[in-house]
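# Structure assessment
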Amino acid sequence: MSNKIQIEASWQAVLKEEFDQPYFNALIQFIKQEIRNGKVIYPPGPLIFNAFNSLPLEKVKVVILGQDPYIKPNQAMGLSFSVPKEVRTPPSLKNIYKEMHDDVGITIPNHGDLTKWVGEGVFLLNAALTVEAGKSGAHLKKGWEQFTDAVIRTISKERTGVVFMLWGNFAKNKAELIDASKHLVLKAAHPSPLARGAYFGSKHFSQANAYFESNGQASIDWQV
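Residues numbered from 1 in each chain as written. Predicted model: local features only at pLDDT ≥ 70, side-chain atom pairs only at ≥ 80, totals over all residues. Heavy atoms only, no water.

### Concerning the overall build of the protein
- The secondary structure content of the protein amounts to eight helices and six strands.
- Listing every helix and strand of the protein by position from the N terminus yields α-α-β-α-β-α-α-β-β-α-β-α-β-α.
- Computed over C-alpha atoms, the radius of gyration of the protein comes to 17 Å, within 12% of the 17 Å expected from 2.2 N^0.38 for 224 residues, which places it in the range of a compact globule.
- Overall size of the protein, expressed as C-alpha extent along the three principal axes, is 45 × 35 × 25 Å.
- Burial analysis of the protein (224 residues in total) assigns 54% to the buried set.
- Sequence separation of 24 or more characterises 67% of the internal contacts of the protein that already satisfy a separation of 6 or more. (Helix = DSSP H or I, 4+ residues; strand = E, 2+ residues; numbered from the N terminus. Rg over C-alpha atoms; globule rule 2.2 N^0.38 Å. Buried < 20%, exposed > 50% of the residue type's maximum accessible area, 1.4 Å probe, protein only. Contact = heavy atoms within 4.5 Å.)

Written as structure tokens, this is what we have:
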């Protein structure tokens, strides 16, 4: 992992000051040291900024915020809640699919790859972009949140009419970074089974599409 961040040009332009900050350099050095110490870090280096490299800033329509990447082998792909097609769909994503089926009638897919959403303008952001294998939250409070808070503020400032879906208390706390007068902020319980079904019935997907249609924009095809 080099100090020179390989990231899509529109993000590079608006986040350049963050990459130059001391905290960000310290974060990169921390990750490098963890790797030198033999720690396994997810996702693989080329996928750490996958969410950014897959979707330019000007095409972001929806932001879905996760906490940190999946901690098991072959799961994390740099897109929050998403796993590669050949990997079993995680429990939280199964619940997201169930809610989508009940809300907008999608056919529940037999895989967990959300890449198609990215093509629809859905920015799948984790608050921490890396994690140590087997240890959820291992890279929280190392600098990533300062960076991704800046990302959320940047989207709020630079864009208009974006839908932010904040699931769970961790994500809900990011609402203060968003200008609700020019964006739609939707909050719900986390889709994790630990929330005991409190997520169900939130209807964020239909609310998002109604918002886009009311603003003369194309709705999102949530089928994956």
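### Brief notes about the pattern of salt bridges
- Applying the stated criterion across every chain yields a total of seven salt bridges.
- With its nearest N and O atoms 3.0 Å apart, the salt bridge here joins Asp20 to Lys16.
- Judged by relative accessible area, which is 53%, Asp20 ranks as exposed.
- Put simply, Asp149 and Lys174 hold a salt bridge, and the shortest N to O gap is 2.8 Å. With Asp149 in helix α6 (residues 144-158) and Lys174 in the loop between α7 (169-172) and β6 (184-188), the pair connects residues that are 25 residues apart, well separated along the chain. (Salt bridge = Lys/Arg side-chain N within 4 Å of Asp/Glu carboxyl O.)

### A few points about α6
- Here α6 contains 15 residues, and its C-alpha end-to-end distance of 21 Å stays within 8% of the 21 Å for a straight helix at 1.5 Å per residue.
- Judged by how many residues are buried, α6 sits mostly within the fold: 11 of 15 residues are covered.
- By the burial criterion, the buried members of α6 are Trp144, Glu145, Phe147, Thr148, Asp149, Ala150, Val151, Ile152, Thr154, Ile155 and Ser156. (Expected span 1.5 Å × (residues − 1).)

### Side note on the environment of Ala188
- Relative to the helices and strands, Ala188 is located in strand β6.
- You can call Ala188 buried: its relative accessible area is 8%.
- Spatially, the C-alpha atoms of Ala188 and Ala175 are 12 Å apart, while their sequence positions differ by 13 residues.
- Apart from the residues within four sequence positions on either side, Ala188 is in contact with Leu166, Trp167, Gly168, Lys172, Tyr199, Ser202 and His204.

### As for the packing of helix α4 (residues 91-104) against helix α8 (residues 204-214)
- Two numbers describe how α4 lies on α8: the axes approach to 8 Å, and their chain directions differ by 55°. The angle between α4 and α8 falls in the class oblique. Within the contact between the two elements, α4 uses Ile96, Glu99, Met100, Asp103 and Val104 and α8 uses His204, Phe205 and Ser206. (Axes fitted to C-alpha atoms, helices over the stretch in contact; angles between N-to-C directions. Parallel < 35°, antiparallel > 145°, perpendicular 65-115°, else oblique.)

### Considerations on the packing of aromatic side chains
- Scanning all chains against the criterion turns up 22 aromatic pairs.
- A ring pair is formed by Trp144 and Phe147, whose centres lie 6.0 Å apart and whose planes are at 65°; its orientation type is edge-to-face. In this pair, Trp144 and Phe147 are both assigned in helix α6, three residues apart and thus about one turn of the helix distant.
- Positioned above the aromatic ring of Phe212 is the side chain of Lys61, whose terminal nitrogen or guanidinium carbon lies 4.6 Å from the ring centre.
- Above the face of the Phe200 ring, Lys98 is positioned so that its terminal group lies 4.7 Å from the ring centre. (Phe/Tyr/Trp six-rings, centres within 6.5 Å; stacked < 30°, edge-to-face > 60°. Lys NZ or Arg CZ within 6 Å of the ring centre and 35° of its normal.)

### Overview of the packing of helix α1 (residues 9-19) against α6
- Where α1 contacts α6, the axes come no closer than 11 Å and their chain directions differ by 140°. As summarised for this structure, α1 and α6 are arranged oblique, according to the angle between their axes. The handedness of the crossing between α1 and α6 comes out as right-handed. Across the interface between the two elements, Trp11, Val14, Leu15, Glu18 and Phe19 from α1 touch Gln146, Phe147, Ala150, Val151, Thr154 and Ile155 from α6.
- Grouping the amino acids of the contact of α1 with α6 by side-chain chemistry returns eight nonpolar, two polar and one charged. (Left-handed = near helix turned anticlockwise from the far one by under 90°. Nonpolar A, V, L, I, M, F, W, Y, C, P; charged D, E, K, R; others polar.)

### Focus: the sheet that holds strand β3 (residues 122-126)
- Read from one edge of the open sheet, four strands run β3-β2-β5-β6, paired in parallel fashion. Each having just a single partner strand, β3 and β6 make up the two edges of the open sheet. Adjacent strand axes in the sheet meet at a mean angle of 20°, parallel and antiparallel pairs treated alike.
- Where strand β2 (residues 62-66) lies against β3, five bridges are found, and the strand directions are parallel. The partner of Gly66 across the bridge, within β3, is Asn126.
- Running over the sheet, α6 touches β2, β3 and β5 (163-167) and is turned about 155° from β3. (Pairing = 2+ DSSP bridges.)

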